[in-house]
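# Summary of structural features
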Amino acid sequence: MSIPFGEQLHEAHILVVGASQGIGLGFVTHLLTLPRVARVYATYRQPETATGLLALAHPHLVTLPMDATDEGQIAFALAEIGAITQRLDGVINCVGFLHSGGLQPEKSVRQLDGEQLLEYFRVNSIPTALLAKQVLPLLKRSDRSFFTSISAKIGSIGDNRLGGWYGYRASKAALNMFLKTIAIEYSRKSPNTTVVALHPGTTDTRLSQPFQGNVPADKLFTVERTVTQLWEVICGLQPSDNGGFFSWDGTPLPW
Ligand SMILES: NC(=O)c1ccc[n+]([C@@H]2O[C@H](COP(=O)([O-])OP(=O)(O)OC[C@H]3O[C@@H](n4cnc5c(N)ncnc54)[C@H](OP(=O)(O)O)[C@@H]3O)[C@@H](O)[C@H]2O)c1
């Protein structure tokens, strides 16, 4: 068995996409406490919701405005990162949404709307594919690195027993397919990069807030607990985990 990823981390440079709030901001805060992490690059799309991130002003933190749904902005932000470092040890994409404004998850086919479905794919699925395209040169190196997006167990087709939430489910299933396909291509082009989808568990953020009523207290994680658990999963990754889908406790999930 080779060394788990976390043990070979040294002076690591990590990119967190969607770091304005919630799990993304939690990752940034956690990573900045780790002696093995030299620099954290954190992206946000709008300053209004990124006040917590922008207030951190840590010497090892580089904040970058970037809307992950816009490939031009991804390319621009990565060029800025490329001017600072030749390599990234890891990428964590935390961009995603379940509800926003008048847009609510659909309970029935009667509620389906083409524009709303497109919006789910635009935000939850496509940014990961565009990121994988743009970030490859910074991940391609002799040391190990990782590329992950925060998915959701609800995107598992095999685990779908309740139905509902059509757009969110389907966009996370599409995200999973993107990650699996990226893992296969990266295994040829960047063989030391491990690509995985991660399920965080229900976490107390803006995204889950309206739906927390039915969640037992011990099943609703704080952001701090979620990022600590997911970081442990990332640090335990083996090259053979490439193309996998893992829950917050490291258990493999069905596609
Ligand atoms: N919380 C949970 O229980 C839970 C469970 C399973 C999976 N997840 C997944 O975990 C990830 C992080 O979610 P979270 O719970 O931390 O939610 P959150 O607090 O709402 O954060 C979501 C992040 O996505 C960004 N985002 C949202 N809509 C966007 C858009 N239209 N364009 C660009 N960026 C957008 C947000 O940026 P702004 O601040 O600019 O809006 C923010 O950085 C998501 O992929 C979510 O699906 C969460």
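Relevant structure appears above.
The rules behind these values
- Residues numbered from 1 in each chain as written.
- Predicted model: local features only at pLDDT ≥ 70, side-chain atom pairs only at ≥ 80, totals over all residues.
- Core = buried A, V, L, I, M, F, W, Y, C linked by C-beta atoms within 7 Å.
- Buried ≥ 20, exposed ≤ 12 C-beta atoms within 10 Å, placed from the backbone.
- Helix = DSSP H or I, 4+ residues; strand = E, 2+ residues; numbered from the N terminus.
- Contact = placed C-beta atoms within 7 Å.
- Axes fitted to C-alpha atoms, helices over the stretch in contact; angles between N-to-C directions.
- Parallel < 35°, antiparallel > 145°, perpendicular 65-115°, else oblique.
- Left-handed = near helix turned anticlockwise from the far one by under 90°.
- Nonpolar A, V, L, I, M, F, W, Y, C, P; charged D, E, K, R; others polar.
- Pairing = 2+ DSSP bridges.
- Right-handed = clockwise from strand over helix to strand, strands pointing away.

## Section: the nonpolar core
Where a protein is soluble and globular, its nonpolar side chains tend to be buried together. Judged by nonpolar contacts, the single largest core of 56 residues is most densely connected at Val16, Val28 and Cys94. In terms of residues, this core owes the most to one element, helix α7 (residues 166-189), which gives 6 residues. Excluding residues within four positions of it along the chain, Cys94 makes contact with Val16, Val17, Gly18, Ala19, Gly22, Ile23, Gly24, Phe27 and Ile150.

## Regarding the packing of helix α6 (residues 126-139) against α7
The relative placement of two packed helices is expressed as an angle between their axes plus a distance between the axes. For the pair α6 and α7, the least separation of the axes is 9 Å and the interaxial angle reads 20°. Our classification of the angle between α6 and α7 gives roughly parallel. The interaxial crossing formed by α6 with α7 has right-handed handedness. Judged by residue contacts, Thr128, Ala129, Ala132 and Leu136 of α6 engage Leu175, Phe178, Leu179, Ile182 and Lys189 from α7. Here the residues of the contact of α6 with α7 sort into 7 nonpolar, 1 polar and 1 charged.

## Regarding the pairing of strand β1 (residues 12-17)
Across the 6 residues that make up β1, a large majority, 6, are buried. In β1, alternate side chains face the same way, and those of Ala12, Ile14 and Val16 on one face and His13, Leu15 and Val17 on the other are all buried. Taken together, the 5 bridges between β1 and strand β2 (residues 37-44) define a ladder with parallel strand orientation. Looking at the pairing, Val16 lines up with Ala42 of β2. Once you follow β1 into helix α2 (residues 22-31) and on to β2, the crossover reads as right-handed. Both β1 and strand β4 (residues 90-93) contribute to a ladder of 4 bridges, which runs parallel.

## As for α2
Counting buried residues along α2, 9 of its 10 residues qualify, which places the element largely inside the surrounding structure. Those residues of α2 lying buried are Gly22, Ile23, Gly24, Leu25, Gly26, Phe27, Val28, Thr29 and Leu31.

## Quick look at unusual backbone geometry
Phi at Glu11 is positive, roughly 50°, even though this residue is not glycine. Positionally, Glu11 belongs in the loop between α1 (5-8) and β1. Even without being glycine, Trp165 reaches a positive phi, approximately 50°. Within the secondary structure, Trp165 is located in the loop between β5 (145-150) and α7.

Purely geometric numbers; function is a separate question.
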